Amino acid sequence: MIRINRETDYATAILGLMAGRPGERFSAAWLAEQRGLPPAMVSKILKQLVRCQLLGSHRGAKGGYSLARPAESISIAQVVRAIEGPIALTDCIEGGGQACQYSPYCAISSNWSRINDAFYQALEGVSIKDMSEPLSPEHPSLRGIDIRIKSAVS
């Protein structure tokens, strides 16, 4: 199963909350409380996001954290990379031919690369701003959702 880790999910939720109030500064404690997350985990995530320049960190009485740029210019791919590292679906994508002893005989790795690129582009095409707003009922991914839910329950 391909899965983002818990910290990436939390980072997206935190950034989505911040996206709803552009230009404001937020304390780690307030963000943790609003999202119902452990404060230590939130602090760790915020530091990683600052290190990758997705957030700014401000000291002093009016300190806290703020988005480093508009939410529509922060992609989910950037968040995944900030928290998890490079996006690579297989070892041969991340490490190239040296990652696999079978690479000289493998015709599949170039196709994994193509799939990895499509996955990356999908994540790059969704911003934190997009994630902070609910999908409209007309969105293509929600078409027939009631039918899919009913059939899954049956």
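A short tour of the structure in this document, coming up.

What counts and what doesn't
- Residues numbered from 1 in each chain as written.
- Predicted model: local features only at pLDDT ≥ 70, side-chain atom pairs only at ≥ 80, totals over all residues.
- Heavy atoms only, no water.
- Salt bridge = Lys/Arg side-chain N within 4 Å of Asp/Glu carboxyl O.
- Buried < 20%, exposed > 50% of the residue type's maximum accessible area, 1.4 Å probe, protein only.
- Helix = DSSP H or I, 4+ residues; strand = E, 2+ residues; numbered from the N terminus.
- Pairing = 2+ DSSP bridges.
- Contact = heavy atoms within 4.5 Å.
- 1 Å grid on protein atoms, 1.4 Å probe; cavity = no way out; pocket = protein on both sides within 12 Å on 5 of 7 lines; lining within 4 Å.
- Points joined across faces, edges and corners; volume = space filled by probe spheres on them.
- Nonpolar A, V, L, I, M, F, W, Y, C, P; charged D, E, K, R; others polar.

All chains considered together, the criterion is met by 3 salt bridges. Put simply, arginine 6 and glutamate 7 hold a salt bridge, and the shortest N to O gap is 3.9 Å. Assessed through its relative accessible area of 15%, glutamate 7 is described here as buried. Ionic pairing is found between lysine 129 and glutamate 133, a salt bridge with its closest N-O pair at 2.8 Å. When its relative accessible area of 32% is taken as the criterion, lysine 129 is described as partly exposed.

Here we come to the pairing of strand 2 (residues 64–67). Burial of the side chains of strand 2 extends over both faces: Gly64 and Ser66 are buried on one face and Tyr65 and Leu67 on the other. Relative to strand 2, strand 1 (residues 55–58) runs antiparallel, the two sharing 4 bridges. What sits directly across from leucine 55, in strand 2, is leucine 67. What sits between strand 1 and strand 2 in their antiparallel hairpin is a turn of 5 residues, with glycine 60 showing a positive phi close to 100 degrees.

Structurally, tryptophan 30 can be placed in helix 2 (residues 28–35). Overall, the relative accessible area of 27% leaves tryptophan 30 in the partly exposed class. For tryptophan 30 and glycine 64, which are 34 residues apart along the polypeptide, the C-alpha to C-alpha distance reads 9.9 Å. Setting aside residues no more than four positions away along its own chain, tryptophan 30 makes contact with Leu17 and Arg21.

This next bit is on the layout of surface pockets. In this model, the largest pocket occupies a volume close to 220 Å³. Surrounding the largest pocket, Ile2, Arg3, Ile4, Val80, Glu84, Gly85, Pro86, Ile87, Ala88, Leu89, Phe119 and Leu123 form its lining. Elements represented by at least two residues in the lining of the largest pocket include exactly helix 4 (76–84) and helix 6 (109–124). By residue class, the composition of the lining of the largest pocket is 9 nonpolar, 1 polar and 2 charged.

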